[in-house]
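This is what each chain is made of:
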Amino acid sequence: MTELPLSGVKVVDFCWIGAGSYTTKILADLGADVVKVESTKSLDSLRLASPYAGGIRGINRSGYFADRNSSKRSITINMKDPRGVAIVHDLVRECDIVANNFRPGTMEKLGIGYDVLREINPGLIFIGMSMNGDEGPDRTMLGYGITIAALTGFLGLSGYPDREPTGTGTNFPDHIPNPCHGAFAIMCALRHKCRTGEGQQIDMAQTEPMLSLMPVPTMDYLVNGRTVVRAGNRLEGLAPRGVYPVQGNDRWIAISIASDAQWQVLTAVLGEENLGNPAWSDAEGRRAAEDEIDRALALRTIHHDGYALMLDLQAKGVAAGVVQNAADLIDHDPQLKHRKHWRYLPHKEMGLSLYNGAPFQFVSGPVGPRFAAPLLGEHNLDVLTQDAGLTVRQIQELSEEDVIV
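Trainee: Break down the layout of surface pockets for me, citing the residues and quoting the values.
Mentor: There is about 1,200 Å³ of room inside the largest pocket. Contributing to the lining of the largest pocket are 39 residues, with Y22, D67, H341, W342 and N356 lying nearest its centre. Among the secondary structure elements, those contributing two or more residues to the lining of the largest pocket are helix 1 (19-29), helix 2 (63-68), helix 8 (177-196), helix 15 (326-331) and strand 11 (351-356). When the residues that make up the lining of the largest pocket are grouped by side-chain class, the tally is 26 nonpolar, 8 polar and 5 charged.

Have a look at this one:
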């Protein structure tokens, strides 16, 4: 079997909930040995988030937690006990990366800040992923994905101009910009360490990757003083551009027209009834009548099967895509099926469970979730004997004294 890209890399993971956990999931799915540190007294609160497998609540039954923590091992350490901190120090001696997404100062209060840990392990890569970074007047602000989306103005761009912002239906910063930037920064630090033996401290303010994905609104404001406003499905240079009903209950298709030739294709496919206005044959005429065109298109698309219409338009050079729900993505999406994106893995409490694959693949071999998310403290014995040098008797005694708990 081909060795995975990060085989041999060791990570001590203090991340919880969103972007941090997804960052270390990427590393784990690429082969790194990621040890997640929790305790029964301080759970990753995502363990308590629905949906639960079989609708049964439990700290090991959250599908949300499971998906973000595939391929990891779990240990339970009471970080408020000096003996627990000492165990973590022993783990750090032989690891490559320590990751957290706490507010600045939290790791220092726990006795595991960068200045302490680099004395133990000079080659350590230490990443902190707070909302606003370790410096500045807002450094101590607590933030989640939705907070970051609001603070950066991302939520303000979502929705129709005459309505309140809608958001994206999920905490977008937690899923795309921040874990990807965090993982990329760690990869760069690992490359540097391989060349020089030097570790690094990475201070990643999660607001910054989010802003990097909004270059036009950001630069337009900074350079020109203009504030971009919500535009619904509209986008400059494309007319029409929208989401239209198709056959079925609450079924839709997104269509985007970038040229006069594409408009002619669309009208030929749908029929010219309601769409044959000569003024719409050029882009300027269509931009002036976008609302009217949207209504006319809806009267035509509603008679079509969404997938058939999508394939027909795509084959003829028109950008179109069915608006898919979760069942569509898992059961019917041909691209995700071809890439073997979805993985079923056996979980000790939830049974066979579904996991996301990686959004990328390597020529050298497949990558993705290797094993299911861990039960709380599932790997205490293995990790603490093999990596922290404790004996079974010591583990039993420390468990009785609420240090390993």
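Picking up where we left off.
Trainee: Give a detailed account of empty space enclosed by the protein, specifying residues and quantitative values.
Mentor: For the structure on display, the rule yields 2 cavities of 30 Å³ or more. Its boundaries defined by the atoms lining it, the largest cavity holds a volume of some 80 Å³. No other element matches strand 1 (residues 10-13), which puts 3 residues into the lining of the largest cavity. Looking at the lining of the largest cavity residue by residue, the class counts come to 6 nonpolar, no polar and 3 charged. Approximately 40 Å³ is the volume found for the second largest cavity. Lining the second largest cavity are R47, I59, N60, R61, S62, F65, A66, H347, M350, A373 and P374.

Trainee: Just give me the short version of helix 14 (residues 306-315), but keep the residues and values in it.
Mentor: Here helix 14 has its buried residues at G306, L309, M310 and L313. With its buried residues spanning 100° around the axis, helix 14 presents them on a single face. Helix 14 presents L311 and A315 as exposed residues on the side facing more than 90 degrees away from its buried surface. Among the structural elements, strand 8 (252-256), helix 11 (260-270), helix 13 (290-301) and strand 9 (319-322) are those in contact with the buried residues of helix 14.

Trainee: Which residues make up the pairing of strand 5 (residues 125-128), and what values do they have?
Mentor: Burial along strand 5 is two-sided: the residues I125 and I127 and F126 and G128 are all buried. Two strands pair when backbone bridges link them, and strand 4 (residues 97-100) and strand 5 are joined in this way by 4 bridges, in the parallel orientation. Each residue of the ladder has a partner; that of A99, found in strand 5, is I127. When strand 5 meets strand 6 (residues 200-203), the two strands line up parallel, connected through 4 bridges. Bridging across to strand 6, I125 finds its partner in Q200.

Trainee: Tell me about a nonpolar patch on the surface, and name the residues and values.
Mentor: A surface patch of nonpolar side chains, amounting to about 460 Å² of accessible area, comprises M219, Y221, L222 and V223. Tracing the backbone through its elements, the reader meets M219 in helix 10 (residues 215-224).

Trainee: Quick rundown of the nonpolar core? Include the residues and the values.
Mentor: F14, I77, I87, V98 and L384 are the most contacted members of the largest nonpolar core, which has 29 residues in total. Of all the elements in the fold, those that place two or more residues in this core are strand 2 (33-38), helix 3 (82-93), helix 5 (114-120), helix 17 (380-386) and helix 18 (392-400). When residues of this core are assigned to their parent elements, the largest contribution, 5 residues, is made by helix 3. When near neighbours in sequence (up to four residues on either side) are disregarded, V98 contacts V12, F14, V92, M107, L117, L124, I125, F126 and I127. Of all hydrophobic cores here, the second largest spans 25 residues; its members include L27, A28, V34 and I127.

Criteria and thresholds
Residues numbered from 1 in each chain as written. Predicted model: local features only at pLDDT ≥ 70, side-chain atom pairs only at ≥ 80, totals over all residues. Heavy atoms only, no water. 1 Å grid on protein atoms, 1.4 Å probe; cavity = no way out; pocket = protein on both sides within 12 Å on 5 of 7 lines; lining within 4 Å. Points joined across faces, edges and corners; volume = space filled by probe spheres on them. Helix = DSSP H or I, 4+ residues; strand = E, 2+ residues; numbered from the N terminus. Nonpolar A, V, L, I, M, F, W, Y, C, P; charged D, E, K, R; others polar. Buried < 20%, exposed > 50% of the residue type's maximum accessible area, 1.4 Å probe, protein only. Arc of directions from axis to C-beta. Contact = heavy atoms within 4.5 Å. Pairing = 2+ DSSP bridges. Patch = residues over 30% accessible without salt bridge, like charges linked within 9 Å, V, L, I, M, F, W, Y side chains within 5 Å. Areas by Shrake-Rupley, 256 points an atom, 1.4 Å probe, with all protein chains shown as cover. Salt bridge = Lys/Arg side-chain N within 4 Å of Asp/Glu carboxyl O. Core = buried A, V, L, I, M, F, W, Y, C linked by side-chain atoms within 4.5 Å.

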